[in-house]
Amino acid sequence: MAGGPAATHLVPSQAHITVASRSTGALEGTVFVRMLARGLSLWLRPAARSGRASAVAFLLLALAACGESADVADLVLTNGKVVTVDEALPEAEAVAVRGDRIVAVGSAADIEPFIGEGTRVVDLEGRLLLPGFIEGHGHYTSLGRAKMILDLTQVTSWDEIVEVVAAAVAEAEPGQWIQGRGWHQEKWTSVPPGSVDGVPTHHTLSAVSPDNPVILGHASGHAAFANAKAMELAGIDDDTPDPPGGTIVRDAQGHATGLLRENADALVYSVLEEAQAARSEEERWAEFVRQVELAGEEALANGVTTFHDAGASFETIDGFKRLADEGRLPVRLYVMVRFQTNDEMRQHLPEYRMIGYGGNFLTVRSIKRQIDGALGSHGAWLLEPYADMPSSVGLTVEAPADIEETARIAWELGYQLNTHAIGDRANREVLDIYERTFGEEGGADRRWRIEHAQHLHPDDIPRFAELGVIASMQGIHATSDAPWVFERLGPERARSGAYMWRSLIDSGAIIGNGTDTPVEHISPIASFAASVVRKDRNGNAFFPEQRMTREEALRSYTINNAYMAFEEDIKGSITPGKLADLVVLDRDIMTVSEDEIDDAQVVMTVLGGQIRYERTGGE
Ligand SMILES: [Zn+2]
């Protein structure tokens, strides 16, 4: 089986046969009996391989031998097609859950004895049940925040942006900030005359918002657009030098156009942050909680039960921890430490290390760094100049030497390092840094990651497997970036190096999947479809030879992402003993036609044995 950790990492979990039995003493309730019987598991596995023989039947036998009986489940989902992502029993019909754990998986008949008086039974009516999706790389509070500001992701022209902002200004107090995000000039049907680098100058926008500062984030997260008022507050004028790692885009006369690339947008965002920091602590906490809730709702509605948050400060992690203590985190979070200096990390990382905190809702054991920008905004760091901008090889966003120092800290303190790298130069530099840090010892057991690993030089593709570096990729980026990948890289570099899933999998590398939400919509189904079909939104195939199989794509969204977080023993497959994080879809994405995959809807999301989302309304 290619493309996943199962071969080496599911085997240990098969040895954990977890069953529930009622406590026989005076104590009420149940206890979990974890049977680590290696002999039992060895006995089970060949049987399970031989077709439909279910582990449950053997489990019952084993229990009978122990003088115990199977106990009542809290929740049973039955009469479905259960794709487990567990080699021991790849397909089943039903799952029994007690507390926050899966207690049994098997045929409907196997699971029947687990149904008792208090059991909630869900008839799946033949629908597909999968392990809960794990978002491998997203931005959690940004997702919540995106739900609170202007959503420009569907905008198809500059004029529409101006209209949306004008409407927001009409509702706002003078001086109040207007925020938006998600615009992308490549999604516009036309570009106004007088544009610079494909984006208009700020004047029409500034005319509708003379007294309100406006900042509109680019869909890539690697640029923003400001109006005159925002630039004035940020002190940006004709003489302002470009900040390190950023560009204030200017017209032929040297006037700032409003477009701020990479680090240049921080000039405006820092002023916005100051304004927001002036608010009371209660106001800020309330906004944070709202962001957490909104992001959670969006995740659960899309079948996401665990979310890898690609970057939070210590302060944000303090907030997550407080919510975890109060049982208020809506989904499970694996949070990468970000926005702290090396000195701060060296000092504080040990106290921030958390594994499965708050009932497996919060894990902190990794650091996020970022070596370059994004391809769409010409920020990706390339080995050779851009095909459509021969003067540029892109940008380094954070100094490689500083990232290397972080690598040493991560190595010493037992943290993973997850570095954003998009261009082929960026990926090579990060692989080099990791290789030097690993030294003779090797670092495969450290599971360090490269976030995006989007464009690779062919020579570097095998290095992922050789070094044990995980490629934390986003299927949906390939198809949404496809239209401009050719322009930026030219056809040959696009063919040999862009979104190389098949080549990476075949080389033995492990690939995670995700959406980089809110850069893309969080839908795992859309990213699964992109991974499998690899067609852009105009229906053009984008190097289809690099497609994943459906099994690989499913693994990339479940067990592989669990592996990326050292959580494959408790997540990523429907296996007795693992957390009962499950998703029900309205159609079988493993067998429907390619065109139909994208139409699949999440019907139900179960998190820790609780039904946390149910689709209402018409089918
Ligand atoms: Zn990201």
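Residues numbered from 1 in each chain as written. Predicted model: local features only at pLDDT ≥ 70, side-chain atom pairs only at ≥ 80, totals over all residues.

K.L.:
Even after reading the chapter, I still don't get the nonpolar core, so can you show me in this structure?
P.N.:
What tends to happen in soluble globular proteins is that the nonpolar side chains get buried as a cluster. Ranked by size, the top nonpolar core spans 135 residues in total, and within it V95 and L333 carry the most contacts. If you tally residues by element for this core, the top one is helix α19 (residues 524–533), at seven residues. If you look at the next biggest cluster of nonpolar residues, it comprises 31 residues, including L152, V165, A234 and V519. (Core = buried A, V, L, I, M, F, W, Y, C linked by C-beta atoms within 7 Å. Buried ≥ 20, exposed ≤ 12 C-beta atoms within 10 Å, placed from the backbone. Helix = DSSP H or I, 4+ residues; strand = E, 2+ residues; numbered from the N terminus.)

K.L.:
Just to check I follow, could you spell out unusual backbone geometry for this structure?
P.N.:
Residues other than glycine predominantly adopt negative phi, and peptide bonds predominantly adopt the trans conformation. Backbone torsion omega between T517 and P518 reads 10 degrees, so that peptide bond is classified as cis. Inspection of the secondary structure assignment puts P518 in the loop between β24 (511–512) and α19. One non-glycine residue with positive phi stands out, namely H378, at about 55 degrees. Examined against the element boundaries, H378 turns out to sit in the loop between β20 (362–370) and α14 (400–413). With 25 C-beta atoms packed within 10 Å, H378 lands in the buried category. In this structure, F543 takes a positive phi of about 40 degrees despite not being glycine. Within the secondary structure, F543 sits in the loop between α19 and α20 (550–557).

K.L.:
Sorry if this is basic, but what is going on with the packing of helix α12 (residues 342–352) against α14 here?
P.N.:
Relative orientation and spacing of two packed helices are given, respectively, by the angle between their axes and the distance between those axes. It is the contact of α12 with α14, at a shortest axis distance of 10 Å, that shows an interaxial angle of 15 degrees. Considering their axes alone, α12 and α14 lie roughly parallel with respect to each other. In the crossing of α12 with α14, the sense of the turn from one axis to the other is right-handed. Across the interface between the two elements, N342, M345, R346, L349 and P350 from α12 touch D402, E405, T406, I409 and L413 from α14. Here the contact of α12 with α14 is built from residues that sort into five nonpolar, two polar and three charged. (Axes fitted to C-alpha atoms, helices over the stretch in contact; angles between N-to-C directions. Parallel < 35°, antiparallel > 145°, perpendicular 65-115°, else oblique. Left-handed = near helix turned anticlockwise from the far one by under 90°. Contact = placed C-beta atoms within 7 Å. Nonpolar A, V, L, I, M, F, W, Y, C, P; charged D, E, K, R; others polar.)

K.L.:
Any chance you could explain the pairing of strand β21 (residues 416–421) here in plain terms?
P.N.:
Each regular strand carries side chains that alternate between the two faces of the sheet. Counting buried positions along β21 yields six of six residues, so the element is predominantly enclosed. Note that the unit made of β20, α14 and β21 has a crossover that is right-handed. Note: β21 against strand β22 (residues 449–452), four bridges, orientation parallel. Paired with T419 across the strands is I450, a residue of β22. Handedness of the crossover is the feature at issue here: the chain leaves β21, passes through helix α15 (residues 424–438), returns alongside β22, and the resulting connection is right-handed. (Right-handed = clockwise from strand over helix to strand, strands pointing away. Pairing = 2+ DSSP bridges.)

K.L.:
Hey, could you run me through the pairing of strand β17 (residues 304–312) in this one?
P.N.:
Most of β17 sits out of view: nine of its nine residues are buried. Pairing of strand β10 (residues 133–138) with β17 involves four bridges; the strand directions are parallel. Across the sheet, the residue bridging to G138 is D309, located in β17. Once the chain exits β17 it traverses helix α11 (residues 314–325) before rejoining the sheet at strand β18 (residues 332–337), and the crossover so formed is right-handed.

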